[in-house]
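# Examining the three-dimensional arrangement
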Amino acid sequence: MAAPLKLSRFYEWGRKIVGVGRNYRAHCAELGNPVPKEPVLFLKPTTCYLPEGKGPTRGPPGCTELHHEVELGVVISGGGRNIPEDRAMDHVGGYVLALDMTARDYQAIAKEKGIPWTWAKCFDTACPISEFVPKEKVSDPQDLNMWLKVNGEVRQKTNTDDMIFTVPYIISYISKMMTLERGDLILTGTPMGVSGVQPNDELEAEIEGVVAMKFTVGDTL
Ligand SMILES: CC(=O)CC(=O)C(=O)O
Ligand SMILES: [Mg+2]
């Protein structure tokens, strides 16, 4: 009989990655975007996954502006549709520290043309992730200190209390239109400080007291 699928290896299951954009007040301010009234959602394919230790993150062909976006990732343990906000945390199995790597040059073109962000967000290696953190190790996902350094210099630093939409609100909101499944990952948005990286840069990130990870940047795909 096949071994049961371990939630800690959710990234091998082929479930979806749902990204939330513009979910930090300070990040909206830095990009000059209005604070959204509802979560801004997009999808990344699971071919984006890059577990720590499996090589460098790389931009899509021709990318000249690859940006880091450090984010709290929420791993779904129990699926559902129309999940009420006050039951949403029952559907969380754990967390990862994640990077929503973004080709900002391609995103700017997509925004200008009014077309989807696919080329900007969905390239192979666009979702580096840390080891899985079981839910019990995080007492409050809205009170985590999180940072990212590039070559030792702090670029992003926040507390997750700056999120506009909380983890339970996001789960409930997504599940109104899309069935959430065990093994799905939700990227909850990036704080202020996104910036460009170059081949051979070293990225280091941490949720203080919870989990840390390191990646390097490679050449474009
Ligand atoms: C503008 C973006 O790339 C939105 C996004 O992913 C975010 O985290 O904010
Ligand atoms: Mg993002």
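Cut-offs used in this document
Residues numbered from 1 in each chain as written. Chains lettered and ligands numbered in written order. Predicted model: local features only at pLDDT ≥ 70, side-chain atom pairs only at ≥ 80, totals over all residues. Heavy atoms only, no water. Near = heavy atom within 4 Å. Polar contact = N/O pair within 3.5 Å; in protein donor to acceptor, adjacent residues only side chain to side chain. Areas by Shrake-Rupley, 256 points an atom, 1.4 Å probe, with all protein chains shown as cover. Helix = DSSP H or I, 4+ residues; strand = E, 2+ residues; numbered from the N terminus. Nonpolar A, V, L, I, M, F, W, Y, C, P; charged D, E, K, R; others polar. UniProt positions renumbered as here; feature names shortened; annotations may be inferred. Donors = N, O, S within 2.8 Å, 3.2 Å for Na, K, Ca; no water. Buried < 20%, exposed > 50% of the residue type's maximum accessible area, 1.4 Å probe, protein only. Pairing = 2+ DSSP bridges. Axes fitted to C-alpha atoms, helices over the stretch in contact; angles between N-to-C directions. pLDDT = per-residue confidence, 0-100. Salt bridge = Lys/Arg side-chain N within 4 Å of Asp/Glu carboxyl O. Phe/Tyr/Trp six-rings, centres within 6.5 Å; stacked < 30°, edge-to-face > 60°.

Not every one of the 14 residues close to ligand 1 is listed here, only the nearest: Arg-22, Glu-69, Glu-71, Asp-100 and Lys-121. At a separation of 3.4 Å, an oxygen atom of ligand 1 approaches a polar side-chain atom of His-27. Thr-190 places a main-chain nitrogen or oxygen 3.0 Å from an oxygen atom of ligand 1. When ligand 1 sits alone it has 270 Å² of accessible area, and the protein chains cover 100% of it. Elements with a minimum of two residues in the shell around ligand 1: strand S1 (17-21) and helix H2 (104-113). Within the shell around ligand 1, the residues separate by chemical class into 3 nonpolar, 5 polar and 6 charged.

Bringing the UniProt feature "domain: Fumarylacetoacetase-like C-terminal" (unreviewed entry) in the protein chain into the picture now. The sites that carry the UniProt feature "domain: Fumarylacetoacetase-like C-terminal" (unreviewed entry) are, in the present numbering, residues 16-217. Secondary structure across residues 16-217 comprises 14% helix and 34% strand; the distance between its end C-alpha atoms is 24 Å.

Six octahedral donors at a metal ideally form angles of 90 or 180 degrees, and four tetrahedral donors ideally form angles of 109.5 degrees. Around the magnesium ion (ligand 2), the protein supplies Glu-69 (OE), Glu-71 (OE) and Asp-100 (OD) as donor atoms, at distances of 2.0 to 2.1 Å. In the primary structure, the donors to the magnesium ion (ligand 2) are separated according to the pattern E-x1-E-x28-D. You can call Glu-69 buried: its relative accessible area is 5%.

Okay, the sheet that holds strand S14 (residues 202-207) next. One open sheet accounts for 4 strands, arranged S11-S10-S14-S15; its pairing is antiparallel. The sheet is open, and its two edges are formed by strand S11 (153-159) and strand S15 (211-216), each paired on a single side. Direction aside, neighbouring strands of the sheet carry axes that sit 10 degrees apart on average. As paired elements, strand S10 (residues 145-150) and S14 share 5 bridges and run antiparallel to each other. Across the sheet, the residue bridging to Met-146 is Ile-207, located in S14.

All right, on to the confidence of the model for the protein chain then. Mean pLDDT over the protein chain: 97, with 98% of residues reaching 70 or higher. For the protein chain, the element scoring lowest by mean pLDDT is helix H1 (residues 25-31), at 91; strand S8 (residues 127-129) scores highest, at 99.

Enumeration according to the criterion identifies 10 salt bridges in this entry. The salt bridge involving Asp-162 is made with Arg-25; its shortest N-O contact spans 4.0 Å. With Asp-162 in the loop between S11 and helix H4 (167-174) and Arg-25 in helix H1, this pair connects stretches of sequence that are 137 residues apart. Relative accessible area serves as the criterion here: at 42%, Arg-25 is assigned to the partly exposed category. Within this structure, Lys-44, Glu-69, Asp-100, Arg-104 and Lys-121 form a network of salt bridges that share partners.

Along H2, the positions that sit buried rather than exposed are Arg-104, Asp-105, Gln-107 and Ala-110. Remark: Gly-114 follows H2 within two positions and exhibits a positive phi of approximately 70 degrees.

All right, on to the packing of aromatic side chains then. Pairs of aromatic rings are described using the distance from one ring centre to the other and the angle between the two planes. Scanning the model with the defined rule gives 8 aromatic pairs in all. The interplanar angle of 85 degrees and the centroid separation of 5.7 Å between the aromatic rings of Phe-10 and Tyr-49 together place this pair among those described as edge-to-face. Taken together, the residues span a long stretch of sequence, with Phe-10 in the segment before S1 and Tyr-49 in strand S3 (residues 49-51) at a distance of 39 residues. For the pair Phe-10 and Tyr-49, a shared accessibility class is recorded, and that class is buried. Taking the centre distance of 6.3 Å and the plane angle of 65 degrees together, the rings of Tyr-11 and Tyr-49 count as edge-to-face.

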